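One letter stands for each residue in the lines below.
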Amino acid sequence: MATTQFGRRVGRIVKERIERRKSSVIREGLWNDPFMVASTRAIAERIPLVDLIVHVTDARIPFSSQCHLLTHNHIIVLNKADLASRSSLQVWMDYFRETNCVSCGVDAHNKESIRQFLSLIQRQVGKLRRTDQANKYTATVMLIGLPNVGKSALTNALHHVGRISAAEKGKLKHATVSPEPGETKDIRSYKIASHPNIYVLDTPAVLPPEVPDVDVLSKLLLTGAIGDCLIERKETAEYFLAIHNSSDQYKKWAKLSSKENDIFFLNSTTECLTTHGLQMKQKKKIPNDHTQDDMVQDVRRTLYETVSSFDGNIRCEVEMEALIASQFTALQEVFHVSTEREEDAHVVVAGKLLNLFRTGRLGHYILDNLPRNIH
Ligand SMILES: Nc1nc2c(ncn2[C@@H]2O[C@H](COP(=O)(O)OP(=O)(O)O)[C@@H](O)[C@H]2O)c(=O)[nH]1
Ligand SMILES: [Mg+2]
């Protein structure tokens, strides 16, 4: 499958660069960062001291974003559920249920989702104590996970929702949230519930002791868990386009296409269009200013038109490459990128495309397959 080839190509480059940095004297890069090593050790030492571990993963890669520091008493959170395909997420939740893991999909930016997550934590904490201790104890819950999966965003949301629903006074604390991995530098506690008191510990990211395989690395890169500095953005964006072009996502954007709109007008002869009605429809078709939303629609339409009019075989790597090259050229126009050198223009296009993908505006995906021995 061409997608796998694109992923592996990206994964191999990243792996090779990480390995090179690991063996170099320059102490930089995630797997060679003494801070990361120390914080992973500090988190591991805390595990036996806390009441519950919340293992935060990225719902787009429920398997590839798992961390190695697992314990018996943990729940799995598939965060960023808003970015994942809903039907596939349900399949993953069923899988976790079958393997007797308590799991839930969460969107850290959605209050209702956070309320449900908080209730789950409260129920799990409640199970840990004897009934005669009811409400008179303090429990500690530690969030652990790879970089950028949303531990700090969840901490803030739980802290805010928990304190407000308990009508507690006092200043709210704020954990640093960032699109760049590795921002949280220490373990901090935030109160999220009273009667019983529950504190959540936000932690720096942990990384597996060994550099993962190339398939996992490519997905960590695409979802933003390990930062873009390890490889040129263009290669990562090409990998995204390969995934997009092999999925059914583009079909959802058919109605944005001007070709499809023409067909719509031709088929609407039975509809009585007044001059005003026609003007309104045409207005919708041709946006007159270029807001961010219009831009997103233009990108979606371009992706739809390039894939649907492509008559090559996208399962073949070379032909997929040709399609992707044509998409870069078309997107350069959509993003209004004009640079002297084509290479520079493509870097800008890649950055913009990745930003749209990572914020969920180019569809919902789950990049991992279920472990094979299950289904
Ligand atoms: N769409 C979406 N973005 C999220 C969610 N949770 C976190 N993020 C974003 O993911 C990035 C990393 O979040 P952060 O909490 O700093 O991750 P941490 O490194 O695990 O603490 C930030 O840009 C957040 O705004 C979520 O549920 N949905
Ligand atoms: Mg953080």
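Residues numbered from 1 in each chain as written. Chains lettered and ligands numbered in written order. Predicted model: local features only at pLDDT ≥ 70, side-chain atom pairs only at ≥ 80, totals over all residues.

- Looking at an unreviewed UniProt entry, the protein chain carries the name P-loop nucleoside triphosphate hydrolase superfamily protein, with the source organism given as Medicago truncatula.

1. Some details on the site of ligand 1
Now for step 1: What surrounds ligand 1 is a group of 23 residues, the closest being Ala108, Gly150, Lys151, Ser152 and Ala153.
Now for step 2: Here the shell around ligand 1 takes three residues from helix α5 (residues 151-165), the largest share from any one element.
Now for step 3: Partitioned by chemical class, the residues of the shell around ligand 1 number nine nonpolar, nine polar and five charged. (Near = placed C-beta within 6 Å. Helix = DSSP H or I, 4+ residues; strand = E, 2+ residues; numbered from the N terminus. Nonpolar A, V, L, I, M, F, W, Y, C, P; charged D, E, K, R; others polar.)

2. Observations regarding the pairing of strand β5 (residues 188-193)
Now for step 1: The pairing of β5 with strand β6 (residues 197-202) spans five bridges and is antiparallel. Bridged to Arg188 within β6 is Asp202.
Now for step 2: Linking β5 to β6, which pair antiparallel, is a turn of three residues; within it His195 sits at a positive phi near 50 degrees. (Pairing = 2+ DSSP bridges.)

3. Quick word on the environment of Ile324
Now for step 1: Mapped onto the secondary structure, Ile324 falls in helix α11 (residues 317-334).
Now for step 2: Judged by local crowding, Ile324 falls into the buried class, with 23 C-beta atoms found within 10 Å.
Now for step 3: Residues Ile324 and Tyr239, spaced 85 residues apart in sequence, show a C-alpha to C-alpha distance of 9.3 Å.
Now for step 4: Filtering out sequence-adjacent residues up to four positions away, Ile324 remains in contact with Glu238, Leu241 and Ala242. (Buried ≥ 20, exposed ≤ 12 C-beta atoms within 10 Å, placed from the backbone. Contact = placed C-beta atoms within 7 Å.)

4. Observations regarding the confidence of the model for the protein chain
Now for step 1: Residues with a pLDDT of 70 or more make up 83% of the protein chain, whose mean pLDDT is 85.
Now for step 2: Within the model, pLDDT remains below 50 along residues 262-288, and this stretch shows four contacts once partners closer than five positions in the same chain are excluded. (pLDDT = per-residue confidence, 0-100.)

5. Considerations on helix α4 (residues 111-128)
Now for step 1: Its 18 residues place the ends of α4 26 Å apart at the C-alpha level, agreeing with the 26 Å of an ideal helix rising 1.5 Å per residue.
Now for step 2: Taken together, the buried positions of α4 are Ile114, Phe117, Leu118, Ile121 and Val125. The buried residues of α4 occupy an angular sector of 100 degrees when projected down its axis, which confines them to one face. Among the exposed residues of α4, those pointing more than 90 degrees away from its buried face are Glu112, Ser119, Arg123 and Lys127. (Expected span 1.5 Å × (residues − 1). Arc of directions from axis to C-beta.)

6. Side note on the pairing of β6
Now for step 1: When strand β4 (residues 138-144) meets β6, the two strands line up parallel, connected through five bridges. Paired with Val141 across the bridge in β6 is Val200.

7. Concerning the nonpolar core
Now for step 1: By size, the foremost hydrophobic cluster in this structure holds 79 residues, and its most contacted members are Val141, Leu143, Leu154, Leu221, Phe240, Ala242 and Leu353.
Now for step 2: When residues in this core are grouped by element, the largest group, six residues, is from helix α7 (residues 233-246).
Now for step 3: Contact partners of Ala242, with chain neighbours within four places excluded, come to Ala2, Thr3, Phe6, Met320 and Ile324. (Core = buried A, V, L, I, M, F, W, Y, C linked by C-beta atoms within 7 Å.)

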